[in-house]
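# Results of the structural survey
Now for the letters of each chain:
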Amino acid sequence: MALYIGVMSGTSLDGLDIALIEQTSAIRLIATHYTPMPESLRAELLGLCASGPDEIARSAIAQQNWVKLAARGIHSLLAQQQLKPADIRAIGSHGQTIRHEPARGFTVQIGNPALLTELTGITVVSDFRSRDVAAGGEGAPLVPAFHEALFDRSAGKRAVLNVGGFSNLSLIESDKPVAGFDCGPGNVLLDAWINAQRRENFDRDGQWAASGRVEPTLLNALLSDPFFATQGPKSTGREVFNLEWLQGHLARLPAFAPENVQATLLELTALTIVESLQVAQSDTQELLVCGGGAHNATLMSRLSSLLPNTKVSSTATHGVDPDWVEAMAFAWLAHCCLEGIAANRPSVTGARGLRVLGAIYPA
């Protein structure tokens, strides 16, 4: 038996998800801890997603603050479970993605793993994406191998959908290599639009989107982006889909009610997921949803309507809380690195072959 901690900070930048897992022949979630992101740090990390003045120094300071936040959360989790640092084999730390441009040969996650090791006294494994990118891959999504390990329990066609800032699919079919790719925006545009219009960080349950109606002209304009015409392996990020991208489309069209824009953005998320799934894995019997999008009742209802022959449900129906799947994944990735187990999937990222992912910072 070995205990691992996973730390995940996603595109939404609302906070840090910290998960403690037990790794034996199976993967078991033992405990969790959530640490909210201070607004000042959130604003700085968002700012670093685009070029700006003095960004090297700003990045160095921001990641120190991110690590201090993570270390406090980890110590709180250990205290809650009456564990010592020596009881944990490793921390898998994703860090915070500030740039993801595999077409140009790089991806950047900041998170100062050396400092995290010093502050926790625990071995840290980080920088999971770079090796896959170096091998010609997209470096994302990394979770399909974990989804396969966690949910490949029966015959038939199953898919796991993670809806965070961006949405990605893992396609699981018995006796076949797992496949997967990014579908496009998940919550990133929904969050950005409601923040710009109503100063709220997210649309709870999709209620604001539900109050509007889809604008076909806007939807078609958004769907014309070249990303949606490509098939996997593919990944994307804020470099492509952001508030400026949306505003550029809106500037070329008649004015729409803000709630109708929100409804259209939700439809964009739902349609790009469903169309991607239908092209890549027809006759999917079950779609399991995790990430923040699993709590968006309007989105979940729309996915169910668009997939009448597929059972759509949260991963909670299989005993895994949807809020903690990604943090668990990075704990598992740390286990794979220390054991020398390849954790990328060329069928997902397009890398030249299987690779052991991660850099190790020993305690």
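Preceding block: the structure.
One structure accompanies this document, and this report is about it. (Residues numbered from 1 in each chain as written. Predicted model: local features only at pLDDT ≥ 70, side-chain atom pairs only at ≥ 80, totals over all residues. Heavy atoms only, no water.)

Scanning all chains against the criterion turns up 13 salt bridges. Among the salt bridges present, the one from Arg198 reaches Glu200, with a minimum N-O distance of 3.7 Å. (Salt bridge = Lys/Arg side-chain N within 4 Å of Asp/Glu carboxyl O.)

What follows covers the packing of helix α2 (residues 55-81) against helix α3 (residues 113-120). The geometry of α2 relative to α3 is characterised by a closest axis approach of 9 Å and an angle of 35° between their N-to-C directions. Considering the relative orientation of α2 and α3, their crossing is right-handed. The segment α2 lies against α3, with Gln64, Val67, Lys68, Ala70, Ala71, Ile74 and His75 engaging Leu115, Leu116, Leu119 and Thr120. Considering only residue class, the contact of α2 with α3 consists of seven nonpolar, three polar and one charged. (Axes fitted to C-alpha atoms, helices over the stretch in contact; angles between N-to-C directions. Helix = DSSP H or I, 4+ residues; strand = E, 2+ residues; numbered from the N terminus. Left-handed = near helix turned anticlockwise from the far one by under 90°. Contact = heavy atoms within 4.5 Å. Nonpolar A, V, L, I, M, F, W, Y, C, P; charged D, E, K, R; others polar.)

On to the packing of helix α1 (residues 39-47) against α2. With their axes 10 Å apart at the nearest point, α1 and α2 run at an angle of 135° to one another. The angle between α1 and α2 places the two elements in the oblique class. The two elements α1 and α2 cross, and the hand of that crossing is left-handed. Together, Leu41, Glu44, Leu45 and Gly47 of α1 and Arg58, Ala62, Asn65, Trp66 and Leu69 of α2 make up the contact between the two elements. (Parallel < 35°, antiparallel > 145°, perpendicular 65-115°, else oblique.)

Vacant regions in the atomic arrangement are exposed by a probe of water-molecule size rolled over the atoms. Scanning the entire structure with this criterion turns up one cavity of 30 Å³ or more. By volume, the largest cavity is sized at about 30 Å³. The wall of the largest cavity is formed by Pro141, Leu142, Pro144, Ala145, Ala343, Asn344, Arg345, Val348 and Thr349. Where the lining of the largest cavity is concerned, the elements lending two or more residues are α5 (144-151) and α13 (346-349). The residue inventory of the lining of the largest cavity, partitioned by class, reads six nonpolar, two polar and one charged. (1 Å grid on protein atoms, 1.4 Å probe; cavity = no way out; pocket = protein on both sides within 12 Å on 5 of 7 lines; lining within 4 Å. Points joined across faces, edges and corners; volume = space filled by probe spheres on them.)

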